[in-house]
Amino acid sequence: SLEGFDHYMLKEIYEQPESIRNAMRGRLDEQDATAVFGGLNLTPQQLRGVERIILTGCGTSWHSALVGEYLIEELARIPVSVEYASELRYRNPPIDNNTLVFGITQSGETADTLAALRETKRKGHRTLAICNVVASSIAQAADGGVYLHAGPEIGVASTKAYTSQCCVLAMLALYFGRMRHLSYEGGKRIIEEMQQLPGAVQQALTCDVQVRDVAQKYKDVSNVLYLGRQYNFPTALEGALKLKEISYIHAEGYPAAEMKHGPIALVDEHTPSVFIIPHGTTYEKVLANMEEVKARGGPVIAIASHEDPQIESIADDVIRIPSVPEILQPIVSVVPLQLLSYHIALLRGCDVDKPRNLAKSVTVE
Ligand code: F6R
């Protein structure tokens with residue numbers, strides 16, 4: 001039931017502190033400073049021997065795979081490639097031995113993801129699912145996997161499943177990292193930071209009031225750019241997808257620095273850019289990109305850290321999020337973008353929970 005919310009999408013956005021907590025429940029091992037998973041169905045030796053990881057999925061799940069790429073490469077130093085499941089299933093790439101293939105999916109029924117996993121499994125590779133729906137086709141087809149425990153996601157636009165996917169990928173990165181180069185202290189620090197996440201997401205939700213004002217201001221635009229770097233590059237893609245699918249406004253997500261190689265030509269006074277710019281290693285660089293957009297007359301909406309006094313002097317609108325370590329930022333920074341798409345769609349009179357032309361699970365290719 002809707003439990004007092006107007007739409008499932010909004011309810012599911014607001015459930016995220018809890019769904020993230022459920023994704024982590026029983027999986028953070030403080031004693032050994034690592035993560036534990038019950039269903040990988042691989043021996044420690046097999047897991048220790050993994051030399052390459054492929055993450056595959058579609059749509060929003062493909063975006064969480066991009067977050068996973070940054071996380072696993074940084075914490076575990078295992079090379080990762082991210083593949084669209086629809087491409088992987090027909091592309092026939094050479095896959096080395098000791099490659100582990102993860103299919104990431106909320107529904108567990110996406111035809112392309114299922115086919116990509118079946119094809120890699122047929123070639124003899126180990127396949128795992130990161131999945132929400134228990135006993136779904138993909139969960140059954142994989143050799144093992146990790147459930148999200150996010151609860152049913154009914155809104156067609158994926159929200160809580162995405163943050164839970166990112167959370168599970170962070171725990172997998174921690175787990176593989178602790179088998180390799182990540183120290184006990186390093187692992188412990190990440191566990192402590194992850195334990196702060198539900199609170200940080202709860203705090204991020206308080207931006208709803210600010211987001212409503214921003215939605216009101218920009219509800220009639222025809223194009224929006226979403227820009228972010230590193231861990232927030234996938235966030236830019238996800239923010240753009242959310243806006244497209246439920247408000248039918250054209251939006252593009254880009255790595256912020258890539259903008260000058262083409263998309264900046266789109267910038268004018270009617271084309272706002274949403275910068276995902278919390279504090280982090282590329283903050284100054286993204287700030288410079290923001291100034292370039294301003295200089296060309298483009299309105300700027302900034303998703304920025306609470307402790308960032310200077311951002312207001314450049315951005316037209318600022319939405320504040322709590323500070324979390326860079327590796328966990330995607331889980332927090334996507335929240336205002338989910339809300340922004342929700343409020344804009346609502347103001348435009350769109351059917352938020354059942355956008356046109358879309359189905360909750362795509363069981364055809
Ligand atoms: C976006 C969205 C879709 C799905 C995609 C994959 O909000 O819902 O892009 O993410 O169809 O679905 P799953 O994760 O069920 O495989």
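Residues numbered from 1 in each chain as written. Predicted model: local features only at pLDDT ≥ 70, side-chain atom pairs only at ≥ 80, totals over all residues. Heavy atoms only, no water.

Enquirer: Explanation requested: the site of the ligand in the structure shown.
Expert: Around the ligand, the surrounding shell holds 14 residues, and the nearest of these are Ser61, Thr105, Ser107, Thr110 and Glu245. For the ligand, an oxygen atom lies 2.6 Å from a polar atom in the side chain of serine 61. At a separation of 2.5 Å, an oxygen atom of the ligand approaches a polar side-chain atom of threonine 110. Calculation on the ligand without its partners gives an accessible area of 400 Å², and the protein chains cover 90% of this total. Judged by the fraction of its atoms near the pocket grid, the ligand is located in the largest pocket. Breaking the shell around the ligand down by element, the ones donating at least two residues are α4 (59–76) and α12 (233–247). (Near = heavy atom within 4 Å. Polar contact = N/O pair within 3.5 Å; in protein donor to acceptor, adjacent residues only side chain to side chain. Areas by Shrake-Rupley, 256 points an atom, 1.4 Å probe, with all protein chains shown as cover. 1 Å grid on protein atoms, 1.4 Å probe; cavity = no way out; pocket = protein on both sides within 12 Å on 5 of 7 lines; lining within 4 Å. Sits in = over half its atoms within 2 Å of the grid points. Helix = DSSP H or I, 4+ residues; strand = E, 2+ residues; numbered from the N terminus.)

Enquirer: Sorry if this is basic, but what is going on with the sheet that holds strand β5 (residues 99–105) here?
Expert: Strand pairs in the sheet, formed through backbone hydrogen bonds, run parallel or antiparallel to each other. Taking strand neighbours across the sheet as the criterion, the 5 strands line up as β4-β3-β5-β6-β7 in an open arrangement whose pairing is parallel. Unpaired on one side and paired on the other, β4 (80–84) and β7 (144–147) mark the two borders of the sheet. When strand polarity is set aside, the average angle formed by the axes of neighbouring strands in this sheet is 20 degrees. In this structure, strand β3 (residues 52–57) lies alongside β4, joined through 5 bridges in parallel fashion. Looking at the pairing, threonine 56 lines up with glutamate 83 of β4. Sitting on the sheet, α4 is in contact with β3, β4 and β5, with an inclination near 175 degrees to β4. Packed onto the sheet, helix α6 (residues 111–122) meets β3, β5 and β6 (126–131) and runs at close to 165 degrees relative to β5. (Pairing = 2+ DSSP bridges. Axes fitted to C-alpha atoms, helices over the stretch in contact; angles between N-to-C directions. Contact = heavy atoms within 4.5 Å.)

Enquirer: Help me out: how do you make sense of helix α8 (residues 160–178) in this one?
Expert: For an α-helix the count is 3.6 residues per turn, leaving residues at separations of three or four pointing the same way. Compared with the 27 Å implied by 1.5 Å per residue over 19 residues, the 27 Å span of α8 between its first and last C-alpha is a close match. Of all 19 residues in α8, 18 are buried; the element is thus mostly enclosed. (Expected span 1.5 Å × (residues − 1). Buried < 20%, exposed > 50% of the residue type's maximum accessible area, 1.4 Å probe, protein only.)

Enquirer: Please clarify how the pattern of salt bridges should be interpreted in this entry.
Expert: Side-chain pairs of opposite charge can arise whenever the charged atoms involved come near each other. Evaluation of the coordinates by the stated rule reveals 18 salt bridges. Across the salt bridge formed by glutamate 193 and arginine 189, the nearest N and O atoms sit 3.6 Å from each other. Of the two residues, glutamate 193 and arginine 189 both sit in helix α9 (residues 184–195), 4 residues apart, roughly one turn of that helix. Between arginine 212 and aspartate 208 there is a salt bridge, with its nearest N and O atoms 3.7 Å apart. Linking arginine 212 with aspartate 208, this pair stays in helix α11 (residues 208–218), spanning 4 residues, or about one helical turn. (Salt bridge = Lys/Arg side-chain N within 4 Å of Asp/Glu carboxyl O.)

Enquirer: When you look at the pairing of β3 in this model, what are you seeing that I'm missing?
Expert: Remark: a regular strand shows side chains that alternate across the two faces of the sheet. Most of β3 sits inside the fold, with 5 of its 6 residues counted as buried. Two strands pair when backbone bridges link them, and β3 and β5 are joined in this way by 5 bridges, in the parallel orientation. Bridging from a neighbouring strand, arginine 52 pairs with threonine 99 of β5. As for the winding sense of the linkage, the β-α-β connection from β3 through α4 to β4 is right-handed. (Right-handed = clockwise from strand over helix to strand, strands pointing away.)

Enquirer: Sorry if this is basic, but what is going on with the layout of surface pockets here?
Expert: In this approach a probe as big as a water molecule rolls over the atoms, and the regions it shows empty are the leftover space. Volume-wise, the largest pocket comes out at about 550 Å³. As for the largest pocket, its lining consists of 26 residues, and the residues nearest its centre are Gly59, Thr60, Glu245, Ala359 and Val362. Listed by contribution, the elements that provide at least two residues to the lining of the largest pocket are α4, β5 and α12. In the lining of the largest pocket, the residues fall into 10 nonpolar, 10 polar and 6 charged. (Points joined across faces, edges and corners; volume = space filled by probe spheres on them. Nonpolar A, V, L, I, M, F, W, Y, C, P; charged D, E, K, R; others polar.)

Enquirer: Explain the environment of glutamine 210 to me, please; I cannot follow it from the model alone.
Expert: For glutamine 210, the position within the fold is in helix α11. As for glutamine 210 and leucine 340, which are separated by 130 residues in sequence, their C-alpha atoms are 9.6 Å apart. Setting aside residues no more than four positions away along its own chain, glutamine 210 makes contact with Val318, Ile319 and Arg320.

Enquirer: Can you help me understand the packing of aromatic side chains in this one?
Expert: Given two aromatic rings, their pairing is described by the distance between the two centres and the angle made by the two planes. Taken as a whole and judged by the stated rule, the model has 5 aromatic pairs. An angle of 35 degrees between the planes, with centres 5.5 Å apart, marks the rings of phenylalanine 5 and tyrosine 14 as tilted. What makes tyrosine 14 partly exposed here is its relative accessible area of 28%. Both rings, one in tyrosine 70 and one in tyrosine 231, keep their centres 5.4 Å apart while their planes meet at 50 degrees; by these two values the pair is tilted. Of the two residues, tyrosine 70 is situated in helix α4 and tyrosine 231 in the loop between β8 (223–228) and α12; the sequence distance between them amounts to 161 residues. (Phe/Tyr/Trp six-rings, centres within 6.5 Å; stacked < 30°, edge-to-face > 60°.)

Enquirer: Honestly, the packing of α4 against α8 in this entry has me stumped. Any pointers?
Expert: In a pair of packed helices, the angle between the axes and the distance between the axes together describe the arrangement. Across the interface, α4 lies against α8 with an axial gap of 8 Å and an inter-helix angle of 20 degrees. One way to sum up the angle between α4 and α8 is to call them roughly parallel. Once α4 is placed against α8, the crossing between them reads as right-handed. Each of Thr60, Ser61, His63, Ser64, Ala65, Val67, Gly68, Leu71, Ile72, Leu75 and Ala76 in α4 lies in contact with α8, whose residues at this interface are Tyr162, Gln165, Cys166, Leu169, Ala170, Ala173, Leu174, Phe176 and Gly177. For the contact of α4 with α8, the per-class residue count stands at 13 nonpolar, 7 polar and no charged. (Parallel < 35°, antiparallel > 145°, perpendicular 65-115°, else oblique. Left-handed = near helix turned anticlockwise from the far one by under 90°.)

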